[in-house]
Amino acid sequence: MSRTPPIATRRPHDASLHGETRIDEWHWLREIDNPEVLAHLHAENAHARAWLAPLDGLRDTLYAEMLARIQEDDDEVPWRKNGWWQWSRTETGRQYPLYLRRRDTPAAQEEVLLDLNQLAEGKPFLQLGALEVSPDAALLAYSLDETGALDYTLRVRDLASGTDLPLAIEKTEGAVWGNDSRTLYYLSKDEPRRTHRLWRHRLGQDGADELVFEEPDELFWLDLGKTRDDRWLVLSSASKDTTGLWVLDADDVQAAPRAVLPRRNGIELSLDHRAGRFYLLVNDRGRNFRLVETSAESPSLDDARELIAHRDDVMLEDVDLFARHMVVQERDRGVLKLRVWELASGRSWEVPFDESVYTAEGDVNEEFDTDVFRFEYTSLVTPHSVFDLDMASGERTLRKRQPVLGGYDPARYASEQFMARADDGTEVPVSLVYRRDRRHGEPQPLLMYGYGAYGFASDVYFSSSRLSLLDRGVVFAVAHVRGGGDRGRRWYDEGKLAKKANSFGDFVACAQALVERGWTSPGQLIVEGGSAGGLLVAASANLRPELFRAVVAEVPFVDVINTMLDETLPLTVGEFLEWGNPKERADYETMRRYSPYDNLRRTAYPAMYLRTSLNDSQVPYWEAAKYAARLRTLKTDEHPVLLSINMDAGHGGASGRYDALRERAEVLAFMLWQWGLA
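This section reports on the structure supplied with the text.

Basis of the calculations
- Per chain, residue numbering runs from 1 following the sequence as it is written.
- Owing to the predicted nature of the model, reporting of local features is limited to residues with pLDDT of at least 70; listing and counting of side-chain atom pairs is limited to 80 or more, with chain, interface and lining totals taken over all residues.
- With hydrogens and water stripped out, all remaining heavy atoms of the structure feed into the side-chain values.
- Strands here are runs of E lasting at least two residues and helices are runs of H or I lasting at least four, both read from the DSSP assignment and numbered beginning at the N terminus.
- Only C-alpha atoms enter the radius of gyration; for comparison, a globular chain is expected to reach 2.2 Å times N to the power 0.38, where N is the number of residues.
- Buried residues are those whose accessible area, probed at 1.4 Å on protein chains only, stays under 20% of the maximum for their type, while exposed residues exceed 50% and partly exposed ones sit between those limits.
- Contact definition: two residues touch when any of their heavy atoms are within 4.5 Å.
- In short, Shrake-Rupley with a 1.4 Å probe defines the accessible areas, and a residue's cover is counted only from the protein chains shown.
- For the purpose of counting charges, residues Lys and Arg are taken to be positive, whereas Asp and Glu are taken to be negative. His and the chain ends are not included.
- Charged groups are reduced to one reference atom each: NZ for lysine, CZ for arginine, CG for aspartic acid, CD for glutamic acid.
- Two strands qualify as a pair provided that DSSP identifies no fewer than 2 bridges between them.
- Only C-alpha atoms enter the line fits that serve as axes; for helices the fit covers just the stretch in contact. Angles between N-to-C directions range over 0 to 180 degrees.
- Only buried residues count toward a nonpolar core. Its members are Ala, Val, Leu, Ile, Met, Phe, Trp, Tyr and Cys residues joined through side-chain atoms within 4.5 Å.
- Ring geometry is summarised as follows: Phe, Tyr and Trp rings, the Trp one being its six-membered ring, pair when their centres sit within 6.5 Å, and such pairs are stacked at plane angles under 30 degrees, edge-to-face over 60 and tilted between the two.
- We call a charge positioned over a ring when the NZ of a Lys or the CZ of an Arg lies within 6 Å of the ring centre and within 35 degrees of the ring normal.
- Working definition: roughly parallel below 35 degrees, roughly antiparallel above 145 degrees, roughly perpendicular at 65 to 115 degrees, and oblique for all remaining angles.
- It is the rotation of the near helix from the far one that decides the hand of a crossing: anticlockwise by less than a right angle makes it left-handed, clockwise makes it right-handed.
- Under the convention adopted here, Pro, Cys and the residues Ala, Val, Leu, Ile, Met, Phe, Trp and Tyr are nonpolar, Asp, Glu, Lys and Arg are charged, and Gly plus all remaining residues are polar.

Observations concerning the overall build of the protein
Next, step 1: For the protein, the helix and strand inventory stands at 12 helices and 37 strands.
Next, step 2: A globule of 678 residues ought to have a C-alpha radius of gyration of about 26 Å, and the protein, at 25 Å, matches this closely.
Next, step 3: Counting only C-alpha atoms and orienting by the principal axes, one finds that the protein spans roughly 65 × 55 × 50 Å.
Next, step 4: Across the 678 residues in the protein, those meeting the buried criterion constitute 57%.
Next, step 5: Long-range pairs, those at least 24 residues apart, make up 55% of the contacts in the protein with a sequence separation of at least 6.
Next, step 6: Summing over all exposed atoms, the protein offers an accessible surface of approximately 27200 Å²; the carbon and sulfur share of this is 47%.
Next, step 7: Across the protein, the mean location of the 83 positive side-chain charges is 3 Å away from that of the 111 negative side-chain charges.

Here you go:
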């Protein structure tokens, strides 16, 4: 191991475009089959270990204290479907959960559906995809990825014998049973791993599976589901801004897909079904969606009955539909709300919560004919909690609050939110949590997290591992920047495509506000983001490198132009609507202004900790590798640039829960070292 960074040879590759000469000297690091590339990645790992080896004791301490807070033997709250209860269980010393069931009858014995620990034996990685029990409860369709590249193989298990049928379908996504319990629908992927075909497999029937539907447009990805009442299979074909919906009769094994509405550019929608009526969430009257109901036999927006109108300040995010009620998830000026509707009377009421900054959303609700809605609740100080809500009476029952061992007392911690002001005057929420007795009104170490892409909201949640920072006097903050969905669909629109720079400006504004308000100082501020959040923190470091002590970027999307030029990669074409197409001059010029790899310059940078995985099919390993190589040639400081590569995983890192916890312990050790708290 050496504290001297590995040198990646410069091999000029002409990447010129639109009249600008661009020479990519580290393009060759994409050559995964090149022994020199693997040797360089191993050298990067050795270099990172050389720097982090003195922190091994701290890493082990962090791992031990984080593990000590976890109830290792634990059961999920069971949920009911077709006369059976299902749930998952973790056991001490075992990396993966078991999936279990028992009949809803007195004295029924539990049965093992799937033990991932057995399936993972001898494998460095394992991830579960589909897990679907047939309607007659006799068969289990399940799929596994053994590399981290999201290549799932679909199998079917006979639950009476516990043996798998002679069936293994590779490169699949999802699985839904027809109501006959012998017909299985699934999606397959093309070479760039886009879900593009729907297939029908009939158990016990010879011959090839039947191709039911194909989506030729590379902007669109297929998704497959089923209405809660089990009446219809729902096939969705969606781009970043347009949705087409088709339904298939779940009782008819010969059914062909039927279009619900003509696909219209810019119109997104989702569907559920009740009593011969489709309930549609649709954004035809505004970006924040409205809810309508229409005939299932002849659906039409022109004849639809509007149940909830579009509102400029409230995003209608989701609807859970049941026989007599529905629960609507709304985002009202950034605050999540659950509203229960009694369908017969039209009466509605909001579920009350005590905290002002929290996350509440539906949990597993498989049964249609029920008056009970199960939802999850968490906040920065409240552990993950599962409630059952009686939609008729309003009575709420806490089924489980995730145990935090070691005497966790939420009263010792405080959570709050304030608004930072971006350069254009936009107010950007910042959520904070800290330990009360460690806050003395002076600048202190602070970790700020951000994401800001795809319309995904950075909703707050409790983390028991985060206590290892809070208890050492670190403040944790979330910057709810534009590009995410934190304040509705327009918040997303203001941080994508030509307006992507708003995300980075917001993040810098949040950091500056934390300094100005006395929460921290530039020498004590570390920022963290993963995937598109890695782009966020790296681009912000280019804008204001002096504002941050260190940057932690995990599976970071940092080589924006080169990646978006490569249409063989899984996410490229579909994400032209998120980032733009650099073959178009205007989009190229936008990306050219912020792409972290292309905007590195000769200046002092914060310390950098980069984490990636060799088998990541979403943000390839070479983005972080190229970024580290180029950064080292330009930075004028002595701060380390560490690149850690998991050689056996994908986008989410290690798959086993203990391995993932060890990875997190190393990241926290790096942070504490940078804060001087090691």
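Points about unusual backbone geometry
Next, step 1: Even without being a glycine, A107 presents a positive backbone phi close to 65°.
Next, step 2: Overall, the relative accessible area of 72% leaves A107 in the exposed class.

Examining the sheet that holds strand β19 (residues 277-282)
Next, step 1: Taken together, the four strands give an open sheet; going across it, the order is β18-β19-β20-β21, and neighbouring strands pair in antiparallel fashion. Single-partner strands in this sheet number two, and they are β18 (269-274) and β21 (305-308). Neighbour to neighbour, the strand axes of the sheet diverge by 30° on average, direction disregarded.
Next, step 2: Where β18 and β19 come together, six bridges link them in antiparallel fashion. Following the sheet pairing, D272 is matched in β19 by Y279.

Quick notes on the nonpolar core
Next, step 1: In terms of nonpolar packing, the biggest core is built from 79 residues, with L446, M448, L514 and W579 touching the most fellow members.
Next, step 2: For this core, the element with the highest residue contribution is helix α11 (residues 621-634), accounting for nine residues.
Next, step 3: When near neighbours in sequence (up to four residues on either side) are disregarded, M448 contacts A477, A479, F507, C510, A511, L514, L525, I526, V527 and E528.
Next, step 4: Counting residues in each nonpolar core, the second largest holds 41 residues, with L67, V357, L668 and M671 among its members.

Description of the packing of aromatic side chains
Next, step 1: Within the structure shown, the criterion is met by 21 aromatic pairs.
Next, step 2: Ring geometry for Y609 against F670: centres 5.2 Å apart, planes inclined by 45°, an arrangement best described as tilted. Taken together, the residues Y609 in strand β36 (residues 607-613) and F670 in helix α12 (residues 657-675) connect sequence positions 61 residues apart. Here Y609 matches F670 in class, with each residue buried.
Next, step 3: Over the ring of F322 we find R228; its NZ or CZ atom is 4.6 Å from the centre of that ring.

Regarding the sheet that holds strand β15 (residues 232-238)
Next, step 1: Across the sheet, which stays open at both edges, the four strands sit in the order β14-β15-β16-β17 with antiparallel pairing between neighbours. On the outer flanks of this sheet lie β14 (221-226) and β17 (258-259), each paired with one strand and no other.
Next, step 2: Bridge analysis of β14 against β15 gives six bridges, and the strand direction is antiparallel. Bridge pairing in β15 places L224 opposite L235.

Notes on the packing of helix α1 (residues 35-52) against α11
Next, step 1: At a minimum axis distance of 12 Å, the contact between α1 and α11 shows a crossing angle of 70°. Here α1 lies roughly perpendicular to α11, going by the angle between them. As α1 packs across α11, the resulting crossing turns out to be left-handed. Contacts from V37, L41, E44 and H47 of α1 reach α11 at Y621, A625, A628 and R632.

Side note on the environment of L497
Next, step 1: By the secondary structure assignment, L497 is in the loop between α5 (489-493) and α6 (501-516).
Next, step 2: Note: C-alpha distance between L497 and E297 (200 residues apart in sequence) is 38 Å.

Re the packing of α6 against helix α7 (residues 532-543)
Next, step 1: Running from N to C, α6 and α7 cross one another at 70°; their axes reach a closest spacing of 9 Å. The angle between α6 and α7 places the two elements in the roughly perpendicular class. Taken together, the residues of α7 that come into contact with α6 (itself represented by S503, F504, F507 and V508) are L535, L536, V537, A539, S540 and L543.
Next, step 2: A class-by-class count of the residues in the contact of α6 with α7 yields eight nonpolar, two polar and no charged.

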